[in-house]
Amino acid sequence: DFVREFISDHLEEYESLYSPFPAKKKGNNSGSSDKKKGGSNKNKSDAPGSPPKSFKKSSTTSSDDVTSNEKAASSSSSTNNSNSPSSSLDQVEQRFAWYRSKLRSLQLKFTNVFPLHWNLYYHLTVSFLERTARHLKFILKKHSATVRIAPFNPNTKEGGGGDSTMATPSMVMSASAVTQAASKFGMSVNSAHGDGGGAVAAAADGLSDGEKAVTALLKALQKTILFEKEMSAWLSRDFGTQFVDPSEVVANDAKKKRGDDNNEEEGGGEEALEFDDQGRAVAAGSAEGIRIKYERRKRTGGGAGSNRQGGSGGGPVPQLMGIASVTFDNYMSPYVALEERTMDEQLHAAIADTTVDNRGAQPVFVSSTNLFIYMKNSITRCTALTKEKTFFLLQRSFQKKLQSYAKVLDKKLPQPQTQIAAKMASLVDSTQTTNTVYRIPPGQEVTVCYVIDTCEYCADTVEALEDLIRDKIGSKYQNKIDMTEEQDAFQDVTAKCIRVLVSGLEQRLDAPLKELSRTNWSSFDMVGEESSYVRTIQLTIHPFVTEVRQLIPSSYFRSFCDKFALTFASTYYRTLTGLKRISEAGTQQLLLDVTTIKSLLLKLPVLEAEKKPGGATRHSNVNQSKSLSGASTIAPAMYTKMVNKEFRKLEVMLKLVGSPKDMLVDMFRAQWDSSIDTSMMASDFQTIMILKGIPRNDHASMLESLGVEAVEGRVGADSSMTVNIQALQEKGSDVAAKVNADLDQMRQRVDRFRNAFR
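Starting afresh in each chain, residues are numbered from 1 along the sequence in its written order. The model is predicted, so local features are restricted to residues of pLDDT at least 70 and side-chain atom pairs to those at 80 or more, both for listing and for counting; the totals for chains, interfaces and linings are taken over all residues. The side-chain figures draw on all heavy atoms in the structure; neither hydrogens nor water molecules are used.

A. Layout of the overall build of the protein. Counting secondary structure elements, the protein contains 30 helices and 6 strands. Buried residues are those whose accessible area, probed at 1.4 Å on protein chains only, stays under 20% of the maximum for their type, while exposed residues exceed 50% and partly exposed ones sit between those limits. Taken over 758 residues, the protein has a buried fraction of 50%. Long-range contacts, defined as pairs at least 24 residues apart, comprise 80% of the intrachain contacts of the protein with a sequence gap of at least 6. Helical segments are the DSSP runs of H or I of at least four residues, strand segments are the runs of E of at least two, and each set is numbered from the N terminus. Whether two residues touch is decided by their heavy atoms; if any such pair falls within 4.5 Å, the residues are in contact.

What follows is the structure, encoded as structure tokens:
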């Protein structure tokens, strides 16, 4: 009861000076004014019938202390906005200056009076911080209602504000940086704001009202945290106060968990600090710190050992960290909005930025590395202030901006073209299908590869970012950290890039395939070297594939080869079955062409760029690490099996077309793939008869000899489409299995990314 009465008596003045509650402040101000007028009123209150207040300061002492406190408050106010009331957010340092002055006066008046196990000064500090927390909550409610951070506007340079420059969180925290630097070099917080105020003012000149409000918010939070640390160090040093280990506090008890996440800032990792009577922080090992320590020991009449005797008699006490500073956590949304706006500005600049960083294993857009560097710095800024709700909201902002960046990368790809095309112009069946295709302009395949590399870098780094956030955030939020959707967003863009590359290369082969279709194979009478369209296909595929191989990871390149080989084999098959008639010599020439193209596709996964005399190949510096690690020169067995199976259908079809008419039925039975549904036998056989030029009148008898019924219409192309769809489904599972087999290798790269990010 005595301790509570003592605390209430000596913090009454604090309520009268700094309470932001209008009604309460009015009554207290009158009492304060009575104090300033003289001690007569107080003497009357000390009449015999009045309650005893033996430890309350006398009127003379109170007057002196009030004068001293007014000087401290005036000194603090002179370094801040003098037009703001003492209860405003940007004048929070005045509160702490008042309390330091109060502690000095109490220590001088009550030296060696109170038993150490009472922990009176600890309870006094707790009460002061709790009152401050109530005041700050009221102030922050009013503050947050008036703060607005203008969203980024790409159409104006100001980003929606009225200033000539776009403020960033680094700019609005410049005052806090000055405070930190001042503490590090032994300057007082107040002198830092006084002498260094020009730099802070210069940084604040370009800020809007909302940004200045965020500056005041961050400065107030940092000063509150610094004061809590200062008081903790003072109690532990001068009175031997022992604080409860935050790891032993019950997680769901908010009051007992006050300093759980901020405690690591007090840990042994930081350099020990000494605080003088003005709250100036200096290194304990410096000359100034040693001087302050010995002056304190001399003033208290003993060494550190005498001060600590009996200091822990009352047992460990709850942490001071967070009692007042945790109040800010529910009102930090303007700060998070400012971080979001800066990231929005980076995302807007990334749309047109094509700068590539070639220093890593794969080239990536510089905008991606800049974004993650900014996020890492943002984490550093935020965790220096809070690791709870504000940090969680900032992590949510990271998630949104990463999703947006995946869309930025998607916009760097060629736009899809919806094309309505006939299956083949020469086909009797005029049924049309709608396909989405991508036409890649010359040289743009490099940009698509850069997008693949950047997406892989982002997906890997997002996982490292998730681990970093989970390690630093408060325990009650750790299970809520999940950035799987962001990884999936980048992987979806990567899958689209593979489709774009396949479609783009296929569209470049339109011209040679049209040349194949326009050739009159029915009058072809001489077999020579490969046809001209085959040479065009080789000259188109080789440089494209070697460029892609040099620029993207091997697992994605193998997926590209699989998809392209399947797609091209299907297109080539449809083109051949769309011809009108093929002579015997024509079938021999086409068999030669098919063999040449098959050989090219079998080498697809291991194609290398042609080395120019006296010079390196393009992007050779990028692929140097791959060459040194021993790139394979043999195509994967699964890929080889798939290509051979797809081209076997082409070879069998051409052999049947070139076989004698009287042997066609027997050869078809021998060569035809029995694994295909027998319902397709008639359509495939009818397609071969048309390519051989067998009169339609003979079709029925030959189908009867084969033992199947005739089908109406030219359905060979449809049947081949069905075959290829089935094959594609089968091979799709094979490709998926192969990609899964590469996950272990990719996981190793993730670990390297994680270590580099940290």
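B. A look at unusual backbone geometry. Within the chain, Asn112 stands out as a residue other than glycine whose phi angle is a positive 55°. Turning to its location among the elements, Asn112 is positioned in the loop between α5 (92-109) and α6 (120-146). With phi around 55°, Asn119 is a residue other than glycine that occupies positive phi space.

C. The arrangement of the packing of helix α25 (residues 637-657) against helix α26 (residues 664-671) in detail. Put simply, α25 and α26 touch, their axes get as near as 10 Å, and they point 165° apart. In terms of axis orientation, α25 runs roughly antiparallel to α26. Considering the relative orientation of α25 and α26, their crossing is right-handed. From α25, Arg648, Val652 and Leu656 reach across to α26, where they touch Leu664, Met667, Phe668 and Gln671. Note on definitions: angles span 0 to 180 degrees between N-to-C directions of axes, and those axes are lines fitted to C-alpha atoms, for helices only across the stretch in contact. Just so you know how the angles are binned, under 35 degrees is roughly parallel, over 145 roughly antiparallel, 65 to 115 roughly perpendicular, and the rest oblique. Working rule for handedness: look at the near helix, and if it is turned counterclockwise from the far one by less than a right angle, call the crossing left-handed; if clockwise, right-handed.

D. Local environment of the nonpolar core. What we call a nonpolar core is a set of buried Ala, Val, Leu, Ile, Met, Phe, Trp, Tyr and Cys residues that are connected through their side-chain atoms within 4.5 Å. Membership of the largest hydrophobic core comes to 163 residues, with the highest contact counts inside it found for Tyr121, Tyr405, Phe490, Phe560, Phe564, Tyr572 and Leu576. The greatest single-element share of this core, amounting to 14 residues, is contributed by helix α17 (residues 445-472). Once residues within four sequence positions are removed from consideration, Phe560 is found in contact with Ile498, Leu501, Val502, Leu505, Phe544, Val545 and Val548.

E. Quick look at α26. Taken together, the buried positions of α26 are occupied by Leu664, Val665 and Phe668. Taken end-on, α26 shows its buried residues confined to a sector of 95°, consistent with a single buried face. Facing away from the buried surface of α26 by more than 90 degrees, the exposed residues are Asp666 and Ala670. Considering only its buried residues, α26 is in contact with α25, α27 (681-692) and α28 (699-706). Our arc is simply the arc of the directions from the helix axis toward the C-beta atoms.

F. How the structure looks around the confidence of the model for the protein. One number per residue, pLDDT, summarises how confident the predictor is, and it ranges from 0 to 100. Per-chain confidence: the protein averages 73 in pLDDT, with 62% of residues scoring 70 or above. Predicted confidence in the protein is weakest over helix α13 (residues 304-308), with a mean pLDDT of 37, and strongest over helix α16 (residues 389-411), with 95. Contacts for the low-pLDDT stretch residues 157-166, under 50 throughout, to residues beyond four places or in other chains number 23 contacts. Predicted confidence is poor over residues 623-630, with pLDDT under 50, and the contacts of this stretch with residues over four places away or in other chains come to 10 contacts.

G. Structural view of the packing of α17 against helix α19 (residues 484-508). Two numbers describe how α17 lies on α19: the axes approach to 9 Å, and their chain directions differ by 165°. When the axes of α17 and α19 are compared, the pair comes out roughly antiparallel. By crossing handedness, the relation of α17 to α19 is classed as left-handed. Where α17 approaches α19, its residues Glu445, Val448, Val451, Ile452, Cys455, Cys458, Ala459, Val462 and Glu463 are matched on the opposing element by Glu486, Gln487, Phe490, Val493, Thr494, Cys497, Ile498, Val500, Leu501 and Arg508. Any residue outside Ala, Val, Leu, Ile, Met, Phe, Trp, Tyr, Cys, Pro, Asp, Glu, Lys and Arg is labelled polar, Gly included; the first ten of those are nonpolar and the last four are charged. Class assignment for the residues of the contact of α17 with α19 results in 13 nonpolar, 2 polar and 4 charged.

H. How the structure looks around the environment of Gln686. Within the secondary structure layout, Gln686 lies in helix α27. With relative accessibility at 7%, the residue Gln686 sits in the buried group. A C-alpha to C-alpha distance of 9.4 Å links Gln686 and Ala700, two positions 14 residues apart in sequence.

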